[in-house]
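Remarks on the overall topology
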Amino acid sequence: MPLLIRDGEIVTADARYHADIYVESETITRIGENFEAPPEAEVIDASGKYVFPGFIDPHVHIYLPFMATFAKDTHETASIAALIGGTTTYIEMCCPSRLDDALEGYHLWRSKAEGNSACDYTFHMAVSKYIGETEKQLREIVRDGVTSFKVFLAYKNFFGIDDGELYRTLTLARKLGVIVTAHCENAELVAQLQQDLLSAGKTGPEWHEPSRPESVEAEGTHHFATFLENTGATGYVVHLSCESALKAALAAKERGVKISIESVIPHFLLDKTHAERPGVEGMKHVMSPPLREKRNQGVLWNALNAGLIDTAGTDHCPFDTEQKLLGRDSFTQIPNGIPGIEERVNLLFTYGVQRGKLDLHRFVEAASTRAAKLFGLFPAKGTIAVGSDADLVIYDPSYRGVLSAATQHVNNDYNGFECFPIEGRPSAVTVRGKVQVRDGAFVGERARGRFLRREPAHF
Ligand code: URP
Ligand code: ZN
Ligand code: ZN
């Protein structure tokens with residue numbers, strides 16, 4: 001059925017104007033004024049609303065065996081939550097551990113998502129070891145359309161790789177034109193600091209941040225950048241949390257290293273006092289890199305607005321209260337992660353755009369367009385143009401609400417942003433022309449989501 005979106009204010013990374021959008025066969029076929037709707041067309045009145053390109057979350061965990069448990073979402077729950085929050089495409093970290101076979105892991109992650117996602121998706125393929133068959137397997141995965149890798153410099157002996165493996169991964173990535181995303185914390189320093197703190201009887205969640213201080217992240221970021229510099233590969237730092245790591249990444253960029261930067265919604269809005277709350281309340285706010293001192297938040301917002309930070313993702317990673325309590329005797333056993341797939345766009349809009357910290361076009365760019373360009377999805381995704389996929393967010397800036405676990409769609413029993421007011425939310429969301437969300441409710445097809453095959457883009 002054709003779809004007509006009438007009289008919205010279209011906002012992309014570089015344009016803003018009033019127009020109608022006409023959609024046929026999943027694609028935007030016309031943008032103009034005063035379109036007539038044929039009788040069979042579905043019509044959405046977007047007057048008084050923004051129309052944004054579907055938002056892209058470049059960093060989520062859905063299926064994730066990690067820290068003696070599994071993240072709570074299924075692809076169905078996470079994708080419905082994503083859509084209600086305006087995200088129409090997510091990029092999931094496909095994370096087999098060092099003990100697993102990479103190709104088997106890849107097929108496992110694909111099978112978990114296939115037929116179960118309400119929005120479109122792709123993966124970053126984690127390289128958790130580099131042994132004899134790794135190159136052949138990675139080449140096969142890239143041929144299958146997954147053209148970004150993920151490396152962890154942290155999580156020693158689980159996801160973490162050593163420097164030789166990092167060098168070989170980046171060398172292969174460069175040959176294949178693949179971008180490499182990286183969790184940048186020095187694993188050895190984290191392990192040593194954790195042991196020192198535990199030996200001193202410091203076991204609560206408030207010690208998580210001191211076990212991975214800013215300098216450890218800055219070192220990891222500089223380390224990754226140095227390896228990029230010496231291999232010529234293209235890199236992307238995930239969930240950058242603090243000023244010193246930002247300086248390391250920007251210094252590398254200045255000397256010509258091909259590096260982009262992502263920060264995630266918890267680091268823009270939550271600080272380390274959240275993890276210092278007593279007992280399980282603190283544990284709910286344990287993630288890595290940790291929530292930092294508040295002074296970093298202004299630095300991150302300014303850098304995001306200036307385009308020095310490229311993207312704003314979530315690192316969505318839900319563990320419930322019972323799972324967090326696995327760390328009741330030691331902060332090193334608290335499953336790391338804070339959910340956010342449902343809240344990201346509304347929080348960025350409220351605390352960025354509505355508060356005057358984030359330009360409206362930068363908001364679209366950071367939450368959609370830039371990820372589409374970096375990860376080979378543009379212009380099908382990330383913009384509103386004739387020929388693009390009709391992934392559209394009709395957004396109501398006059399909506400007022402409050403975030404709460406009681407009303408969320410993510411499969412978790414707490415919300416890391418409980419009681420945060422929001423000023424704006426999607427009033428309708430489409431995936432390739434099909435209305436999937438109306439006024440905060442999922443109304444669409446649960447299996448609409450498609451795996452997005454991508455071409456290498458970083459030669
Ligand atoms: O704490 C986090 N970030 N959990 C998910 C795994 C990762 O490091 O991205
Ligand atoms: Zn990470
Ligand atoms: Zn992550």
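Data block above holds the structure.
We now turn to the structure provided with this report.

About the criteria used
- Residues numbered from 1 in each chain as written.
- Chains lettered and ligands numbered in written order.
- Predicted model: local features only at pLDDT ≥ 70, side-chain atom pairs only at ≥ 80, totals over all residues.
- Heavy atoms only, no water.
- Donors = N, O, S within 2.8 Å, 3.2 Å for Na, K, Ca; no water.
- Tetrahedral: all angles 85-135°; square planar, octahedral: opposite > 155°, others 65-115°.
- Helix = DSSP H or I, 4+ residues; strand = E, 2+ residues; numbered from the N terminus.
- Buried < 20%, exposed > 50% of the residue type's maximum accessible area, 1.4 Å probe, protein only.
- Axes fitted to C-alpha atoms, helices over the stretch in contact; angles between N-to-C directions.
- Parallel < 35°, antiparallel > 145°, perpendicular 65-115°, else oblique.
- Contact = heavy atoms within 4.5 Å.
- Near = heavy atom within 4 Å.
- Polar contact = N/O pair within 3.5 Å; in protein donor to acceptor, adjacent residues only side chain to side chain.
- Areas by Shrake-Rupley, 256 points an atom, 1.4 Å probe, with all protein chains shown as cover.
- Nonpolar A, V, L, I, M, F, W, Y, C, P; charged D, E, K, R; others polar.
- Pairing = 2+ DSSP bridges.
- Right-handed = clockwise from strand over helix to strand, strands pointing away.
- Core = buried A, V, L, I, M, F, W, Y, C linked by side-chain atoms within 4.5 Å.
- Salt bridge = Lys/Arg side-chain N within 4 Å of Asp/Glu carboxyl O.

Listed as protein donors to the zinc ion (ligand 2) are H183 (ND1) and H239 (NE2); their distances from the metal cover 2.1 Å. Between the four donor atoms coordinating the zinc ion (ligand 2), the angles at the centre fall across 56 to 150 degrees, so the site counts as irregular. Between the zinc ion (ligand 2) and the zinc ion (ligand 3) the interatomic distance comes to 3.7 Å. A residue pair is termed long-range when its members are at least 10 positions apart, and H183 in strand β12 (residues 179-183) and H239 in the loop between β13 (234-237) and α8 (243-254) qualify at 56 residues. For H239, a relative accessible area of 2% translates into the label buried.

Between helix α2 (residues 102-113) and helix α3 (residues 134-143), the shortest axis-to-axis distance is 9 Å and the interhelical angle comes to 25 degrees. Here α2 is positioned roughly parallel relative to α3, judged by the angle of their axes. Contacts between α2 and α3 involve A102, L103 and Y106 on the former and, on the latter, Q137, E140 and I141.

Taken together, the neighbourhood of ligand 1 is formed by H59, H61, Y155, H183, H239, M287, S288, D315, C317, N336 and G337. In the environment of ligand 1, an oxygen atom lies 3.0 Å from a nitrogen or oxygen atom belonging to the side chain of H61. A distance of 2.5 Å separates a nitrogen atom of ligand 1 from a polar side-chain atom of D315. Protein coverage of the free-state accessible area of ligand 1, which is 260 Å², stands at 100%. Per-class residue counts for the shell around ligand 1 are three nonpolar, seven polar and one charged.

Time to look at the coordination of the zinc ion (ligand 3). Around the zinc ion (ligand 3), the donor atoms from the protein are H59 (NE2), H61 (NE2) and D315 (OD), and they sit 2.0 to 2.1 Å away. Of note is the zinc ion (ligand 3), whose four donor atoms meet at the metal with angles of 87 to 141 degrees in an arrangement that counts as irregular. Counting the intervening residues between successive donors of the zinc ion (ligand 3) yields the motif H-x1-H-x253-D.

Moving on to the pairing of strand β10 (residues 120-126). Of all seven residues in β10, seven are buried; the element is thus mostly enclosed. Burial along β10 is two-sided: the residues D120, T122, H124 and A126 and Y121, F123 and M125 are all buried. Note: strand β9 (residues 87-94) against β10, six bridges, orientation parallel. Across the sheet, residue Y90 finds its bridge partner in β10, namely Y121. Regarding topology, α2 serves as the crossover connection from β9 to the parallel β10, and that connection is right-handed. Pairing between β10 and strand β11 (residues 148-152): two bridges, direction parallel. Bridging from a neighbouring strand, M125 pairs with F149 of β11. Running through α3, the crossover from β10 to the neighbouring parallel element β11 is right-handed.

F52, F149, F224 and F363 are the most contacted members of the largest nonpolar core, which has 121 residues in total. Ranked by residue count, the leading element in this core is helix α15 (residues 360-374), at eight residues. Here F224 is in contact with V151, L153, L166, L170, V180, A182, C184, G235, Y236, V237 and I259, once residues within four sequence places are set aside. Core analysis: the second largest hydrophobic core is formed by 16 residues, L3, I10, I28 and I384 among them.

In this section: the pattern of salt bridges. Counted according to the given criterion, the structure contains 33 salt bridges. Close ionic contact of R98 with E165 constitutes a salt bridge, the shortest N to O distance being 3.1 Å. Pair noted here: R98 is in the loop between β9 and α2 and E165 is in helix α4 (residues 163-176), with a separation of 67 residues, a long-range link. Residue E243 is joined to K247 by a salt bridge in which the shortest nitrogen-to-oxygen separation is 3.8 Å. Here E243 and its partner K247 are both found in helix α8, four residues apart, which amounts to about one turn of the helix. On the basis of relative accessible area, E243 is assigned to the partly exposed category, the value being 28%. In this structure, a network of salt bridges that share partners links the residues E26, D120, K381, D389, D391, R432, E445, R448 and R450.

With that out of the way, let us pick up the side chain of N336. With respect to the helices, strands and loops of the structure, N336 is situated in the loop between α13 (321-324) and α14 (344-353). Within the structure, N336 has its side chain in polar contact with the side chain of S288 (distance 2.5 Å). Within the structure, N336 has its side chain in polar contact with the backbone oxygen of I334 (distance 2.9 Å). Beyond its immediate chain neighbours, meaning those up to four positions away, N336 contacts F66, M67, Y155, H208, R212, V286, M287, S288, C317, F319 and K324.

The quantities given are spatial measurements derived from coordinates; they are silent on function.
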